[in-house]
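So you can see what is in the structure, the chains are spelled out below.
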Amino acid sequence: MTFHDSRGHHAGLRIGRRVLHQLRASLERDTGLQASSYLQEAGFAGGEELYHAFSEWLLATRGVERPGELDAAFLSEVLAEFFTDQGWGALSAAPLGDAVLALDAGDWAEAVNGGGSEFPSCHVTCGLLADFFGRLSDGLVAVMEVECRSRGDGRCRFLAGAPETLSTLYDRMAQGAAYTDALGVSPAA
């Protein structure tokens, strides 16, 4: 008897939200602050596969052969639809200041509503999006979560930009500045 994989060459695997939540809870319990690094590294490892799934999806749904050819005016709409189809939730994208892209999600899969976290905690997502957007932009991209439903915020907000830009932003935030102040943008953005 021969097994035939009807999915073609796409090797995607879906796991439920509860798996992500339990994985984070277990790692935080057993490894403390190191959990965020482990989870981010795992997310980063999945970026290539996610990018290939996006490439296939983009061709099938929009007729765009290479993601780099996607008109930036449609980026937010396309990302919202793709990530929703993948089970993560709608992800919108908009420039925030001159050098950062804000990625917002009101119902992100990795977040736990009212989870009581002290800090943003969608670590898998940060790694996943860093690799994904790095491939999309053909450069190095860092991603930092600055708002998170797991700590009671109304949305998850990820900032994507050059590693140097986000490093400077992180340093300013560590000194007590709000990310909007550190970027010189309105808090309503």
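Anything mentioned here points back to the structure above.
Residues numbered from 1 in each chain as written. Predicted model: local features only at pLDDT ≥ 70, side-chain atom pairs only at ≥ 80, totals over all residues. Heavy atoms only, no water.

1. Quick look at the packing of aromatic side chains
- This model, assessed by the stated rule, comprises 12 aromatic pairs.
- Measuring from centroid to centroid gives 6.4 Å for Phe-82 and Phe-132, while their planes differ by 10°, and the two rings are stacked. Placement of Phe-82 in helix 3 (residues 75–85) and of Phe-132 in helix 4 (residues 123–137) is noted, with a sequence separation of 50 residues between them.
- Ring geometry for Phe-83 and Phe-132: centres 5.6 Å apart, planes at 75°, overall edge-to-face. In this pair, Phe-83 is assigned in helix 3 and Phe-132 in helix 4, connecting sequence segments 49 residues apart.
- Judged by relative accessible area, Phe-83 falls into the buried class, the value being 0%.
- Overall, Phe-132 belongs to the buried group, its relative accessible area being 0%.
- Here the aromatic cluster, defined as three or more aromatic residues joined through ring pairs, consists of Tyr-51, Phe-54, Trp-57, Phe-82, Phe-83, Trp-88, Trp-108, Phe-132, Phe-133 and Phe-158. (Phe/Tyr/Trp six-rings, centres within 6.5 Å; stacked < 30°, edge-to-face > 60°. Helix = DSSP H or I, 4+ residues; strand = E, 2+ residues; numbered from the N terminus. Buried < 20%, exposed > 50% of the residue type's maximum accessible area, 1.4 Å probe, protein only.)

2. Examining the sheet that holds strand 2 (residues 100–105)
- Pairing within the open sheet is antiparallel, and its four strands lie in the order 1-2-4-3. For this open sheet the edge positions go to strand 1 (92–96) and strand 3 (142–147), each flanked by a neighbour on one side alone. This sheet shows a mean twist of 30° between the axes of neighbouring strands, independent of strand direction.
- Here strand 3 pairs with strand 4 (residues 156–161) via five bridges, running antiparallel. Across the sheet, Val-143 pairs through a bridge with Ala-160, a residue of strand 4.
- Lying over the sheet, helix 5 (residues 163–174) contacts strand 2, strand 3 and strand 4, oriented at roughly 30° with respect to strand 3. (Pairing = 2+ DSSP bridges. Axes fitted to C-alpha atoms, helices over the stretch in contact; angles between N-to-C directions. Contact = heavy atoms within 4.5 Å.)

3. Observations regarding the environment of Asp-98
- Within the secondary structure, Asp-98 is located in the loop between strand 1 and strand 2.
- Take Asp-98: its relative accessible area is 86%, and that puts it in the exposed class.
- Here the alpha-carbon distance between Asp-98 and Thr-84, two residues 14 residues apart in the chain, equals 27 Å.

4. As for the pattern of salt bridges
- All chains considered together, the criterion is met by 13 salt bridges.
- Arg-62 is paired through a salt bridge with Glu-77; the nearest N and O atoms lie 3.4 Å apart. Placement of the pair is Arg-62 in helix 2 (residues 34–62) and Glu-77 in helix 3, with a sequence separation of 15 residues.
- Given a relative accessible area of 30%, Arg-62 falls into the partly exposed group.
- Glu-77 sits in the partly exposed class, given a relative accessible area of 46%.
- With its nearest N and O atoms 2.4 Å apart, the salt bridge here joins Arg-66 to Glu-69.
- Assessed through its relative accessible area of 51%, Arg-66 is described here as exposed.
- According to the relative accessible area criterion, Glu-69 is partly exposed, its value standing at 43%.
- Taken together, the shared-partner salt bridges in this structure form one network comprising Asp-104, Glu-147, Arg-155 and Arg-157. (Salt bridge = Lys/Arg side-chain N within 4 Å of Asp/Glu carboxyl O.)

5. Some remarks on the side chain of His-123
- By secondary structure assignment, the location of His-123 is in helix 4.
- The contacts of His-123, once residues within four sequence positions are left out, are Arg-24, Glu-28, Ser-36, Leu-39, Gln-40 and Glu-110.

6. Brief notes about unusual backbone geometry
- Despite not being glycine, Asp-138 shows a phi value in the positive range, around 60°.
- Position of Asp-138 among the secondary structure elements: in the loop between helix 4 and strand 3.

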